[in-house]
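One-letter residues, chain by chain:
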Amino acid sequence: MKFKSTRDSNVYIDSKNALLKGISDEGGLFIPEEFPKLGSINHMMDMQYKDLAYYILGKFFTDFTPEELSACVNGAYNSTNFSDPYIAPIRKTSDRYFVELYHGRTSAFKDMALSIFPYFIQTALKTSEEFDNIVILVATSGDTGKAALEGFKDVDNIRIAVLYPQDGVSSIQKLQMQTQEGNNTYVLGVVGNFDDCQTTVKNIFANKEFNKKLNEDRIQLSSANSINVGRLLPQIVYYYSSYINLLKFGEIKNNEKINIVVPTGNFGNILAAYYAKEMGLPINKLICASNDNNVLTDFINKGIYDKNNDLILTTSPSMDVLVSSNVERFLYHMSNENTDIVSDLMKKLNEKGRYEIDDSILNNMDFMNAYYAKEEEVNEKILSTLLNEKYLIDTHTAVASVAYDKYLKETDDRTKTLIDSTASPYKFSKDILKALDIDTNNLNDFEIMNKLHNITSVPIPKNLSSLQNKEIRFNEYSKKEDILNNIKKFIGDNNNA
Ligand SMILES: *Cc1c(COP(=O)(O)O)cnc(C)c1O
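Residues numbered from 1 in each chain as written. Predicted model: local features only at pLDDT ≥ 70, side-chain atom pairs only at ≥ 80, totals over all residues. Heavy atoms only, no water.

Our next topic: the overall build of the chain. Summing up its helical and strand segments, the chain has 22 helices and 15 strands in all. Per-residue burial over the chain gives 59% buried out of 497 residues. Taking the intrachain contacts of the chain between residues at least 6 apart in sequence as the baseline, contacts between residues at least 24 apart amount to 75%. Accessible surface, the chain: about 20400 Å² in total, of which carbon and sulfur atoms supply 44%. (Helix = DSSP H or I, 4+ residues; strand = E, 2+ residues; numbered from the N terminus. Buried < 20%, exposed > 50% of the residue type's maximum accessible area, 1.4 Å probe, protein only. Contact = heavy atoms within 4.5 Å. Areas by Shrake-Rupley, 256 points an atom, 1.4 Å probe, with all protein chains shown as cover.)

Reading across from one edge, β8-β5-β6-β7-β15 is the order of the five strands in this open sheet, with parallel pairing throughout. On the outer flanks of this sheet lie β8 (219-222) and β15 (477-478), each paired with one strand and no other. Looking at chain direction, strand β5 (residues 133-139) and β8 are connected through four bridges and run parallel. Residue pairing for β8: Ile134 is matched across the bridge by Gln220. Most of the contacts of helix α6 (residues 143-152) go to strand β6 (residues 158-165), to which it runs at about 165°, and overall it touches β5, β6 and β7 (185-190). (Pairing = 2+ DSSP bridges. Axes fitted to C-alpha atoms, helices over the stretch in contact; angles between N-to-C directions.)

The next thing to look at is the site of the ligand. Near the ligand, the surroundings consist of 15 residues, among which Lys110, Asp143, Gly265, Asn266 and Thr422 are the closest. Taking Lys110, its side chain carries an N or O atom lying 2.6 Å from an oxygen atom of the ligand. The separation between an oxygen atom of the ligand and a polar main-chain atom of Asn269 is 2.9 Å. For the shell around the ligand, the class distribution of residues is five nonpolar, eight polar and two charged. (Near = heavy atom within 4 Å. Polar contact = N/O pair within 3.5 Å; in protein donor to acceptor, adjacent residues only side chain to side chain. Nonpolar A, V, L, I, M, F, W, Y, C, P; charged D, E, K, R; others polar.)

By the secondary structure assignment, Asn284 is in strand β10 (residues 283-290). Separated by 65 residues in sequence, Asn284 and Leu349 place their C-alpha atoms 30 Å apart. Once residues lying within four places of it in the same chain are set aside, the contact partners of Asn284 are Lys257, Ile258, Asn259, Lys277, Phe367, Tyr407, Asp413 and Thr415. Side-chain polar atoms of Asn284 contact the side chain of Asn259, separated by 2.9 Å. Separated by 3.2 Å, the side chains of Asn284 and Asp413 make a polar contact.

Between its first and last C-alpha, helix α15 (residues 339-352) extends 20 Å over 14 residues, near the 20 Å set by a 1.5 Å rise per residue. In the core, the buried residues of α15 are packed alongside β1 (3-5), β11 (304-306), α14 (327-334) and β12 (354-356). The N-cap of α15, judged by a side-chain oxygen 3.0 Å from the amide nitrogen of Asp340 a few residues on, is Asn338. (Expected span 1.5 Å × (residues − 1).)

A side chain with one charge can pair with a side chain of the opposite charge if their charged atoms come near. Taken as a whole and assessed by the stated rule, the structure comprises 25 salt bridges. Between Arg91 and Asp84 there is a salt bridge; the shortest N-O distance is 3.7 Å. The partly exposed category is assigned to Arg91, whose relative accessible area is 32%. For Asp84, a relative accessible area of 14% puts it in the buried group. For Lys381, the salt bridge goes to Asp405, with nearest N and O atoms at 2.7 Å. Remark: Asp405 occurs in helix α18 (residues 395-411) and Lys381 occurs in helix α17 (residues 375-389); sequence separation between them is 24 residues. Linked through salt bridges whose partners overlap, the residues forming this network are Asp95, Arg96, Lys381 and Asp405. (Salt bridge = Lys/Arg side-chain N within 4 Å of Asp/Glu carboxyl O.)

On their own, these measurements won't tell you what the molecule is for.
If you want it as structure tokens, here you go:
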């Protein structure tokens, strides 16, 4: 299996290179040259999550030896990293199923891929002729940064620096990062918003002088964001595991098609569901759920992508995204792998913030539906799900559940439906209590979590409750213009990591 680029049909590289580079030189994203067909699910029925991961990822990472790949899979999907033996367990309510993707080390769905991603990078680095060390640089709006820090902490030959917006993350998310352990980690608050963080990171990647100096020292600058194939492909596994579990529990029949609803931000998670469909998993519709930042709703329904709106800060911050980076890959597939079309659309997005796709491409997308949820609908959904179903969902999952209601109302399609549950409710306790109309005035984060626990009896994840006793290691804030110097200092101070 080789990897191609969405913008240049001459690119053809193996997975280890795609992993280390992250993004193609001309700006395109890496794409597997074909979708491996997995055929019938029967031979996978007895596989545990890690066996399934080994089997599916082995179809893509063919330049990994069997020993390398099993080390990656075993290191990632085990009981140290995941608190639930199913890794991605399924909960049933009266008319829908939820797959809980938040039982990893940081209680967010990002752990599903970021628990294995560092092993991929480390393995790829070992056979690299150019580089001995990697510096991972991440701009985060909350979940990615912490999940990446946990994944990469104390991994040999790798250092990780995370930038977060001073006032743009929840207080629990901030505490998760400020208390980060590991001798190769660095966390910096940025005076500014998420865009400032992301722009700074992009500028550092584009800084020729800085990168040249690093490369002379055999250091490669790399990122952990969701455009890397090492983030994207592991997400296919839980769609297979979910299907297998539904089958095992007698909820569906063999080959019965299911719908999948995905609360979407950067379009990585839903793209992985599309990959699963292409690989042969019986999927009927994919339903793309957005919050008030509903750029994707218009894109999927009308074929118009327009990011010229102000970003709205919602209670589902991981979906507060205007430029969904993995849409580029989707355009590539929907345009029948036309790199000229993709390059042209991405240029328009960059210059005008807007593009329109042809009807022929739009017609290829007819297996995907899109809806968005307003904040008051999200709140109502959290409340009604708890009251009627005795089930607690977080704000992102509630967005998806509202989208599914709208889909049901519009289509009356009774296909069994799986909803991605992407965060532990305890990461957003305050907003959830507000949705339940419960006062949180004068309570600190831990009192708020306890209050939610007392009402619902849902256990608080240990990684969150234990934050209370952890030492703050990073409480530095930096102005945009000082960030590069801080990063240089971290790399210099930490030169033997
Ligand atoms: C990242 C994230 C999403 C969005 O996933 P994408 O792959 O970026 O579409 C949704 N919910 C939560 C909780 C997340 O952390």
